[in-house]
Amino acid sequence: MIGKRLLMIPGPIEFTPEVLAEMAKPTLSHTDPQFIEEFGQALEKMRKVWLAPNGQPFIIAGSGTLAMEIAAVNITEPGDNVLILHTGYFSERMADIFKLHGANVDIVQSTVGDLPQIDEVRKKLASKKYKTLSITHVDTSTGVRADVKALAAAAQETDTLVVVDGVCAVAGEELRMEEWGVDIAFTASQKAIGVPPGLALLVASKKAIEAFKSRKSPVGAYYCDWQYWLPVMEAYEGRKSAYFGTPAVNLVRALNISLGQILDEGMEARFARHARNAAAFRAGLSAIGLGFVPMRKEIMANTLSAVYYPEGTDASILPLIAKNGAMLAGGLLPAIKTKYFRIGHMGMSDASEILATLGAIEQSLSSAGYSFEPGASLSAAQAALMQP
Ligand SMILES: *Cc1c(COP(=O)(O)O)cnc(C)c1O
């Protein structure tokens, strides 16, 4: 359709008509029995999406950065040692938040587009007592995906709490929170969860809640403090209302719809579809000579691709691609910001969106003077999508 523009960025993403229609309903009181029921259902569904049957979910108005701060301040106290796995822009933000709240932060570095070696992380964890290991599941600035399962296993050897920034991953990348021993995994509504921006979503393990309850110093951020939010979440799940801060009523209702759609697809099917879509994008972009920021195939995310501009082109192709029907994102990591762009492919995106996006990229590259065989990316992506 002329003028139709797909939102293919790493959040906000394309939302389903059902989610958007829910947003448009008249706002209920946060004490309305219908809203209480829906809030309760959304909390229950979060456990299933996170694969954390004994986890404690939190739904709090705010963006993903609020979720980062909530995760950092509730289980870590001033003076605690925290180890950060560095994969890009958002690992640095997490380090800044921990430091602001008085933690002693050590960082395991990696080069752009790569991950620190797991042995290096293990060695570091054994070198002193770390309270928390913080991992960015998918770093949205590089498209690098960390091996959360292996890292969480390493952290368990030293009884270190594991915090996962899943803002660009939860409900797209495989995450088995409880089985893998993750203590806090959080995201924001506008990413793979598929709800307009405005909700910070966390699930905490029993161990994380115990760490919170046994802390010696108060939480150093009023709006983040679980002492106020925990009773609210417990009340709504018990189908009663409780108040600390007014819930984002329309967003919570839309969340309940979206989580229902995610669970209707099923988590295994959803992980597989994200992997298939990502493979199709990579096959298509490779076929016309484009390269990726992540250095190895095994560490490339399924939720977004970070792609180098081909020789002779730069960020000026992005408005062209938008005009041709797909809104993409520019670079984010300062060191290579002008050299690459990002395509989000998470949520409900299907074959038609992948093919339309590749078509828009081809048309724009062609008018920017880059030469390739027209249709090559579409045909390679189609072949990948048709693989059983
Ligand atoms: C988007 C994102 C954030 C920040 O979320 P906001 O909603 O923009 O505050 C944090 N971490 C990762 C990995 C992200 O992709």
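Reading the values: the criteria
Residue numbers restart at each chain and count upward from 1, following the sequence in its written direction. Local features in a predicted model are, by the rule used here, given only for residues with pLDDT of at least 70; side-chain atom pairs are given and counted only at 80 or more, and totals for whole chains, interfaces and linings are based on all residues. Only hydrogens and water are removed before side-chain values are computed, so all heavy atoms of the structure are retained for them. What counts as a salt bridge is simple: a side-chain nitrogen of Lys or Arg found within 4 Å of a carboxyl oxygen of Asp or Glu. Each helix is a run of H or I in the DSSP string that is no shorter than four residues. Each strand is a run of E no shorter than two, and both are numbered from the N terminus. Think of each axis as a best-fit line through the C-alpha atoms, taken over the contacting stretch in the case of a helix, with angles from 0 to 180 degrees between the N-to-C directions. Oblique is the label for every angle not falling under 35 degrees (roughly parallel), over 145 degrees (roughly antiparallel), or within 65 to 115 degrees (roughly perpendicular). When checking whether two residues touch, look at their non-hydrogen atoms; a contact exists if any pair is within 4.5 Å. Three classes are used: nonpolar for Ala, Val, Leu, Ile, Met, Phe, Trp, Tyr, Cys and Pro, charged for Asp, Glu, Lys and Arg, and polar for all others, with Gly counted as polar. Cavity: a set of points on a 1 Å grid over the protein atoms alone where a 1.4 Å probe fits but cannot get out. Pocket: an open set with protein on both sides within 12 Å along at least five of seven lines, its lining residues, like those of a cavity, having an atom within 4 Å of a point. Grid points are joined across faces, edges and corners, and a volume is the space filled by probe spheres set on the points. For our purposes a nonpolar core is just a set of buried Ala, Val, Leu, Ile, Met, Phe, Trp, Tyr and Cys residues, chained together by side-chain atoms within 4.5 Å. When accessible area is computed with a 1.4 Å probe and restricted to protein chains, residues below 20% of their type maximum are described as buried, those above 50% as exposed, and intermediate ones as partly exposed. Between any two strands, pairing holds if DSSP finds at least two bridges. Being near a molecule or strand, for a residue, means having at least one of its heavy atoms within 4 Å of it. Any pair of N or O atoms that falls within 3.5 Å is considered a polar contact. Within protein, one atom must be able to donate a hydrogen and the other to accept it, and sequence-neighbouring residues count only if both atoms are side-chain atoms. The accessible surface values rely on the Shrake-Rupley method and a 1.4 Å probe; as for residues, cover is taken only from the protein chains in view.

Participant: It is not clear to me how the pattern of salt bridges should be interpreted in this structure. Could you clarify?
Facilitator: Side-chain pairs of opposite charge can arise whenever the charged atoms involved come near each other. By the definition in use, this model includes 19 salt bridges. The shortest N-O distance in the salt bridge between arginine 122 and glutamate 157 comes to 3.7 Å. Taken as a pair, arginine 122 in helix 5 (residues 118–127) and glutamate 157 in helix 6 (residues 148–157) lie far apart in primary sequence, 35 residues in all. A single salt-bridge network, built from bridges that share partners, covers Glu22, Lys25, Glu38 and Arg253.

Participant: What is the right way to read the packing of helix 2 (residues 33–49) against helix 9 (residues 226–237) from this model?
Facilitator: Between two packed helices, both the angle of their axes relative to each other and the distance between the axes serve to describe the pair. Two numbers describe how helix 2 lies on helix 9: the axes approach to 7 Å, and their chain directions differ by 105°. By the criterion of interaxial angle, the relationship of helix 2 to helix 9 is roughly perpendicular. Of the residues in helix 9, those touching helix 2 at Phe35, Ile36, Phe39, Gly40, Leu43, Glu44 and Arg47 are Met233, Tyr236 and Glu237. Its residues assigned to classes, the contact of helix 2 with helix 9 comprises 6 nonpolar, 1 polar and 3 charged.

Participant: Even after reading the chapter, I still don't get the layout of surface pockets, so can you show me in this structure?
Facilitator: Left-over empty space is what a probe sized like a water molecule reveals as it rolls over the atoms. The computed volume of the largest pocket comes to approximately 330 Å³. Lining the largest pocket are 19 residues, and of these Arg145, Ala146, Asp147, Val148 and Glu298 lie nearest its centre. Among the secondary structure elements, those contributing two or more residues to the lining of the largest pocket are helix 6 and helix 11 (267–287). Of the residues that constitute the lining of the largest pocket, the class distribution is 9 nonpolar, 3 polar and 7 charged.

Participant: Explanation requested: the nonpolar core in the structure shown.
Facilitator: Soluble, globular proteins show a tendency: their nonpolar side chains are buried together. Within the largest apolar cluster, 110 residues are counted, with the highest numbers of intra-cluster contacts made by Trp50 and Ile193. No other element matches the 8 residues that helix 3 (residues 64–75) contributes to this core. If we skip the residues at most four places from it in the chain, tryptophan 50 touches Val170, Leu175, Arg176, Met177, Ala185, Phe186, Thr187, Ile193, Leu201 and Val203. Ranked by size, the runner-up nonpolar core spans 30 residues in total, among them Leu290, Tyr309, Ile321 and Ala376.

Participant: Quick question: what am I supposed to make of the sheet that holds strand 4 (residues 104–108) here?
Facilitator: Strand pairing within a sheet occurs via backbone hydrogen bonds; the two strands may be parallel or antiparallel. Strand order in the open sheet formed by 7 strands is 2-10-9-8-5-3-4, and the pairing between neighbours is mixed. The open sheet has two free edges, formed respectively by strand 2 (56–61) and strand 4, since each of these has just one partner strand. Direction aside, neighbouring strands of the sheet carry axes that sit 20° apart on average. Bridge count between strand 2 and strand 10 (residues 199–204): 6 bridges; the pairing is antiparallel. When the sheet's bridge partners are listed, alanine 61 is paired in strand 10 with leucine 199. Sitting on the sheet, helix 3 is in contact with strand 2, strand 5 (132–136), strand 8 (161–165), strand 9 (184–188) and strand 10, with an inclination near 160° to strand 9. Most of the contacts of helix 10 (residues 249–265) go to strand 10, to which it runs at about 55°, and overall it touches strand 2 and strand 10.

Participant: Could you clarify how one ought to interpret the site of the ligand in this entry?
Facilitator: In the vicinity of the ligand, 13 residues are found, and the nearest of them are Ser63, Gly64, Thr65, Thr140 and Lys191. Between the ligand and threonine 65, the relevant distance is 2.6 Å, taken from an oxygen atom to a side-chain nitrogen or oxygen of the residue. Between an oxygen atom of the ligand and a side-chain N or O atom of lysine 191, the distance comes to 2.7 Å. About the coverage of the ligand: the protein hides 89% of its 380 Å² of free accessible area.

Participant: I'm lost on empty space enclosed by the protein in this one. Help?
Facilitator: Within this structure, the stated rule accounts for 4 cavities of 30 Å³ or more. Volume-wise, the largest cavity comes out at about 70 Å³. Lining the largest cavity, in full, are Phe39, Ile59, Ile60, Ala61, Leu199, Trp229, Val232, Gly245, Thr246, Pro247, Ala248 and Val252. Those elements that provide at least two residues to the lining of the largest cavity are strand 2 and helix 9. Counting residues per element, the lining of the largest cavity draws most heavily on strand 2, which supplies 3 residues. Looking at side-chain class alone, the lining of the largest cavity contains 10 nonpolar, 2 polar and no charged residues.

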